[in-house]
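# Overview (structure and organization)
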Amino acid sequence: MRTTLDIDPRVLAAARARVNDGRNASIGQAVSELAMAGLSSENPRPTESNGLVLLPSEPGHVVTDEMVARAMLDDE
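Keep in mind the model is a prediction, meaning the values are calculated, not measured.

With twelve residues, helix H1 (residues 9-20) should reach 16 Å at 1.5 Å per residue; the first-to-last C-alpha distance of 16 Å fits that figure. Looking at where H1 begins, the residue whose side-chain oxygen comes 2.7 Å from the main-chain nitrogen of Arg10 is Asp8. A positive phi of about 85 degrees marks Gly22, the residue just after H1.

Here it is in structure tokens:
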């Protein structure tokens, strides 16, 4: 089914990563799988640590200090 959605940039980035990794054939398929995973989640509430919401981790994906610094510069 085709429709138009406003998707959070973080969700779109996660979907693109799934397509680039070969886990999904299209962005639409990746977004659908991410949404279905969220719907079937045992713990629908986000996990928090020191007042910060923790995002789910991606197995095998490491975030380095350099990646964070680069992302912070891109936001400015």
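Now that the structure is up, let's keep going.
Summary statistics for the chain give a mean pLDDT of 86 and a share of 91% for residues scoring 70 or more. Within the chain, no element has a lower average pLDDT than strand E1 (residues 47-49), which sits at 80, and none a higher one than H1, at 93.

What follows covers the pattern of salt bridges. For the structure shown, the criterion picks out three salt bridges. Among the salt bridges present, the one from Arg10 reaches Asp8, with a minimum N-O distance of 3.1 Å. Owing to a relative accessible area of 59%, Arg10 belongs among the exposed residues under this scheme. Looking at Asp8, the relative accessible area reads 32%, which means it is partly exposed.

What follows concerns unusual backbone geometry. The phi dihedral of Asn50 is positive, around 55 degrees, even though this residue is not glycine. With respect to the helices and strands, the residue Asn50 is situated in the loop between E1 and strand E2 (52-54). On the accessibility criterion, Asn50 (80% relative accessible area) is exposed.

Cut-offs and rules
Sequence order as written defines residue numbering, which begins from 1 separately in each chain. Totals for whole chains, interfaces and linings use all residues, but because this is a predicted model, local features are given only for residues with pLDDT of at least 70 and pairs of side-chain atoms are given and counted only at 80 or more. Side-chain numbers here rest on the full set of heavy atoms in the structure, without hydrogens or water. Put simply, DSSP marks the helices as runs of H or I at least four residues long and the strands as runs of E at least two long, and each gets a number from the N terminus on. A helix is expected to reach a length of 1.5 Å times the quantity of its residues less one. The definition of a polar contact used here is a pair of N or O atoms within 3.5 Å, where within protein one atom must be able to donate a hydrogen and the other to accept one, and adjacent residues in sequence count solely through side-chain atom pairs. Residue-level confidence of the predictor is summarised by pLDDT, bounded by 0 at the bottom and 100 at the top. Whenever Lys or Arg places a side-chain nitrogen within 4 Å of a carboxyl oxygen from Asp or Glu, that contact is recorded as a salt bridge. Classification of residues uses two cut-offs on accessible area relative to the type maximum, computed with a 1.4 Å probe and protein chains only: under 20% is buried, over 50% is exposed, and between them is partly exposed.

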